[in-house]
Amino acid sequence: MKRILMVEDEAHIVRLMTMALERAGYAVDSAGNGVEALEYLQGQHPDVMITDIDMPRMTGQELCMQLNAELPERDFLIVVVTARTEVEHREWSRMIPNLEFLEKPVSMRKLVSRLDEHFADTAVSGD
Amino acid sequence: MRTVKVSAIWRNERLGLSMIAASLLVIVLIVGLLFTYQQKSETDHIRQQGVSLVRVLSSIPYQQMLPGASRSDVLSLLQHSQANRLFAYLAVVDPQGDPVNEVTAPGVIAPSAAVPSAPSSWLGERTLVADGDGQSFLEFHAPLLAAGSLAGYVRLGYFRPGIGLHSEQLPFLATLALPIFLLTPLFYFLIKHEIRPLRCANEKLDTLIEQGDFARCEISANGGFADFVHRFNQFIDFTRNRIAQLESEQASLFTSAKLLSYRRDRVETVLLSLPDAVVVLDESGAACMANGRVSTLLGIDQDAILGKKPGEWCDIPDVIEFLGNYEGKSVRGCQSESVDFVPPDAPEKTLNVSAYPLFAPRDGAQILGTLVAFRDTTAEHLARRSSENFVAHVAHELKTPLNVLAMYSEALHGEDGQTEAFRVEATNVIHDEVERMSMLINNILSITKIEMGSLNVQRQRVKLHDLLKDAFETVARSGRSEDLDFQLDLPRDISAVSVDKDLLRIAINNLLTNAIKYNRPGGSVELVAEEYDDTVRIIVRDTGIGIAPEDRDKIFKKFYRSDKEAVRNKSGHGLGLALAREIIQLHHGTLSANSVPDQGTEFVIELSKNADLLKQAV
C-alpha cells in the first residue's frame, strides 16, 4: 500500500483528504506543519508527500527547500497544494525537482487520479 | 573767491573792454596816419620850397650874397622872409666849402660839409646830420657864379620834418578822437541791449543746471532772439521728452530685469528646495546645476559634480548607463523615462531616477539639456509591497474557507455524503466557514475603508452601558461558549460618549470573540467599564492562552497570527485586532493589551470623554 504524508494545518482539510485518499487505497499519515513533517521523515519516507505552504512554525516552502538540500537523492514526489498563487511561489517550486504544484481549491477526485497516474508511471518505469 | 569774481567780471565785461581797446587802437592808428601824412606833406613842401629857393639864390650874383654887399643883406632878408618853422640855416660857402656868409635859426649851427665838386652835383639836395646833437637836416645846394665861373655855393637847410605833436594840433586831434571814442559806448550799449535776452537765457540755464531741474527748463526772450529761443525751447522739449522716454524705457528694462531675476531666483529656489535630488545636465551631458538633496540622497557633494559627466560623479552602473542614453541624443529619440535602483551602500533603500529632456521653449527641435531627478521611493515600494501582500493575504484567507467548502461539497456528492453523520458534519462546517468568510469580508471592507480614509465616522451621543451590554449579550448567546463564565461589570450611570456606535460595536465584538475563541474550557470572559474624570475605560478580560511576549508588538498588525499551536488550532485571519485598533484610533482613543501567557489577557480601550468637545471647539 502506497503511503502518503500529508502536511496540512487545517483540520477540516486533513480529515477530508484522509478520508478520500484512504478510500482510494492509500495509507495516510499527517503532520501539522513543516517541523512535524521533518520529524516524520527522520524515521521513514512516504511514497508521496502532499503539503500546504502557509503553516505555523515551518512553512511548506521552507520544508521543501530544506528537503531539497538535505535529501538530494529524494525519490518521492512532493505535491504542493496551496491557495497561494503568487509568481514567486511558482518560481521556487520550479527549482526543486520531482515537485508538482496544485492550486486550491483542489478537487480530491483530480488529486487521487493524479496520484494513481503517478504510481502507475513509477510502476512502469520501476519494472 | 576773488579770482572767481575777477574772472566773472572779465567774462561779463570783456566785450566793453575789448571795444575800448579797439577804439583806442583805431584812434592811435588814425593819429599815426595823420602824423605820417603830415610829415610827408611837410617834406614835400620844404623840398619844393628849397629847390625853388636855391635856384633863385643861384641866379643872384655872388657878390650880392657876400656880407655887407648891400644895405640889406640878401641872406638876412631871406631869413626874415622864411615863415617856415622848419628853416634851419642859409649859408654861402666858397668852392672849398668854407662859410662866407650864413644865417641860422636860433641855436642852430650849420653842419660843415663840402659840396661835391663835380659840376653835375652842384645843384642838389642831401641829408646831413649835425655833429653835436645829431640833428638831421635836409639841405639844398646850388652853385653861385661870378663872371661865368664857380664862385661858391649857396646851402639852404631845413630841419627834417619829424613825427611830433604840436600844441596847436591838440584841439584838432581831440576833436577827431572824441567822436570815435564816443562811438564805443554807443556800440557797446547797443550790442549789450541786443544780447541781453541771450544773457538772461544763459543765466537761467546756469541756474537750472545748478539746481539740476531740467524738467522746468523753459526760457523766454523777445526781439531778434525770440525765434532762436523758441527753437531752443522746442529742442529742450524734444530732449526732455526723449529723456523721459529713455527713463521710462530704462525703468521698464530695470523692472524686466528685476522680474527676470526674481523669476530666475524663484525657479532656482524651487529647484533647490524640491524634495527630490535634482541635477541639470547641459547639452554635453555635464552637470550644470544641482540642489542640496543630492548630497543627502546620493552622498555626493553638489558643487563637486558641476561641469562633470555622470560617469565622473556617480558610482552606480545602472544610473550611469541610464543617463548615458540622454547624452547627445536627438529629439526624436529623447523621451522622459525613469528607472529604479538600489544604492550599493544602502541596500534597504530603493531610489528612482527620472530623466526629462529639456526642450527649447521656442524651438521644440532643440534640446537644452536633461533634468535628472532622484527620488527616494523606499516608502512607495514598501507600500506597494504591503499592498501586494495585503491582496495576497486576502486571496489566501478567502481561498482557505472556499477550499474547505469545495472539498465538502465534492465529498457530499461522493460516497461519504451517503451517511447522515457526514452530512451533519458537512453542514456545520459549511455554515462555520461561510460565517468566517462573511466576517472576513466585513473586516476587510472596514479596515480598507478606514485606511483609505473613506469611512464616514458618524458620531453620536451613545449610552455606553446599553451598547456594551447589548454587544456582550449577543456574543455570550452565540452558542459557542456554553462552558465559559460571562461577567459584566458596567456602572449604570456611566457617561454617554460621542462615538460611532456601529464601529465601536465591531471593535468590542472582535475583542469579545477573541476572548471566547482563545479561552480555556471553564474559563471566564469579563467586560468591565470604568469612568474617570476625562476618560472612559472599557476592559475585555479573559482567562485564555495569553499572548507570548514576542507576539505582543505584532498582534495589531494586519493578518498577523501567532505561530503558537494553540492559536493555529483556532480559525482566524489576523484582522480582528488590527481592525479594533484602527476603530479606536479613529475615535482618538487607545487600545492596549496586558497579558500573562497561559493565564489570560486583558484588552483596554481608553476613550476621552472630551475628545468630541475639543474637536468641536477647534
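Source: prediction; values computed, not measured.

Participant: Which residues make up unusual backbone geometry, and what values go with them?
Facilitator: Residue and element names in this part refer to chain B. A positive phi angle, near 60°, is found at His588, a position not held by glycine. Here His588 lies in the loop between α13 (576-586) and β16 (590-596). You can call His588 partly exposed: its relative accessible area is 47%. The phi dihedral of Asp598 is positive, around 65°, even though this residue is not glycine.

Participant: Tell me about the nonpolar core, and name the residues and values.
Facilitator: Nonpolar side chains in soluble globular proteins tend to end up buried together. All names here are of chain B. Of all hydrophobic cores here, the largest spans 48 residues; its most connected members are Leu464 and Ile538. Examining the composition of this core, we find that 8 residues originate from one element, helix α11 (residues 501-517), more than from any other. Once residues lying within four places of it in the same chain are set aside, the contact partners of Ile538 are Leu464, Leu468, Ile508, Leu527, Val528, Phe603, Val604, Ile605 and Leu607. Residues Leu57, Tyr62, Ala110 and Ala113 belong to the second largest nonpolar core, which totals 34 residues.

Participant: Account for the sheet that holds strand β8 (residues 337-341) of chain B, naming residues and giving values.
Facilitator: Two pairing modes exist for strands in a sheet, parallel and antiparallel, and in both the strands are linked by backbone hydrogen bonds. Residues and elements named next belong to chain B. Spatially, the 5 strands line up as an open sheet ordered β7-β6-β10-β9-β8, and their pairing is antiparallel. Looking at strand neighbours, the two that pair on one side only are β7 (287-290) and β8, the edges of this open sheet. Ignoring strand direction, the axes of neighbouring strands in this sheet form an average angle of 20°. In this sheet, strand β10 (residues 367-376) lies alongside strand β9 (residues 351-359) in antiparallel orientation, the contact comprising 9 bridges. By the bridge assignment, Tyr356 is partnered in β10 with Leu371.

Participant: I'd love a proper account of the interface of chain B and chain A, names of residues and values included.
Facilitator: At the interface, 22 residues of chain B touch 24 residues of chain A. Between chain B and chain A, roughly 2100 Å² of surface is buried when both sides are summed, and carbon and sulfur atoms account for 56% of that area. Summed over the three residues of chain B that lose the most area to chain A, namely Lys399, Met407 and Glu410 of chain B, the buried surface amounts to 28% of that side. Here chain B is connected to chain A by 4 salt bridges. With its nearest N and O atoms 3.8 Å apart, the salt bridge here joins Glu410 of chain B to Arg109 of chain A. Summed over the shared surface of chain B and chain A, the result is 6 residue pairs in polar contact (both at pLDDT 80 or more). Among the residues forming the side of chain B that touches chain A, the class breakdown is 9 nonpolar, 3 polar and 10 charged.

Participant: Hey, could you go over the environment of Ser478 of chain B for me, with residue numbers and the actual values?
Facilitator: All names here are of chain B. Position of Ser478 among the secondary structure elements: in the loop between α10 (464-476) and β12 (485-489). On the basis of relative accessibility, which here comes to 43%, the residue Ser478 falls in the partly exposed class. Taking C-alpha positions, Ser478 is 9.7 Å from Thr513, a pair spaced 35 residues apart along the chain.

Participant: Could you give me a rundown of the packing of aromatic side chains, with the residues and numbers involved?
Facilitator: All names here are of chain B. Overall, the coordinates contain 10 aromatic pairs over all chains when judged by the stated rule. Taking the centre distance of 6.2 Å and the plane angle of 75° together, the rings of Phe140 and Tyr158 count as edge-to-face. In this pair, Phe140 is assigned in strand β4 (residues 136-146) and Tyr158 in strand β5 (residues 149-159), connecting sequence segments 18 residues apart. Exposure remark for Tyr158: the relative accessible area of 0% places this residue in the buried category. Centre to centre, the rings of Tyr188 and Phe189 are 5.3 Å apart; their planes meet at 70°, and the pair counts as edge-to-face. The exposure class of Tyr188 is buried, given its relative accessible area of 11%. The exposed category is assigned to Phe189, whose relative accessible area is 56%. Clustering of aromatic rings is evident, with ring pairs tying together Phe87, Phe140 and Tyr158.

Participant: Describe the sheet that holds strand β3 (residues 48-51) of chain A, listing the residues and the values that go with them.
Facilitator: Residues and elements named next belong to chain A. Pairing is parallel across the open sheet formed by 5 strands, whose spatial order is β2-β1-β3-β4-β5. The sheet is open, and its two borders are formed by β2 (27-31) and β5 (99-103), each paired with just one other strand. Going from strand to strand, the sheet's axes swing by 20° on average, the running direction of each strand aside. Where β3 lies against strand β4 (residues 77-82), 4 bridges are found, and the strand directions are parallel. Paired with Val48 across the two strands is Leu77, which belongs to β4.

The rules behind the values
- Residues numbered from 1 in each chain as written.
- Chains lettered and ligands numbered in written order.
- Predicted model: local features only at pLDDT ≥ 70, side-chain atom pairs only at ≥ 80, totals over all residues.
- Heavy atoms only, no water.
- Helix = DSSP H or I, 4+ residues; strand = E, 2+ residues; numbered from the N terminus.
- Buried < 20%, exposed > 50% of the residue type's maximum accessible area, 1.4 Å probe, protein only.
- Core = buried A, V, L, I, M, F, W, Y, C linked by side-chain atoms within 4.5 Å.
- Contact = heavy atoms within 4.5 Å.
- Pairing = 2+ DSSP bridges.
- Axes fitted to C-alpha atoms, helices over the stretch in contact; angles between N-to-C directions.
- Buried area = accessible area lost by both parts, 1.4 Å probe.
- Salt bridge = Lys/Arg side-chain N within 4 Å of Asp/Glu carboxyl O.
- Polar contact = N/O pair within 3.5 Å; in protein donor to acceptor, adjacent residues only side chain to side chain.
- Nonpolar A, V, L, I, M, F, W, Y, C, P; charged D, E, K, R; others polar.
- Phe/Tyr/Trp six-rings, centres within 6.5 Å; stacked < 30°, edge-to-face > 60°.

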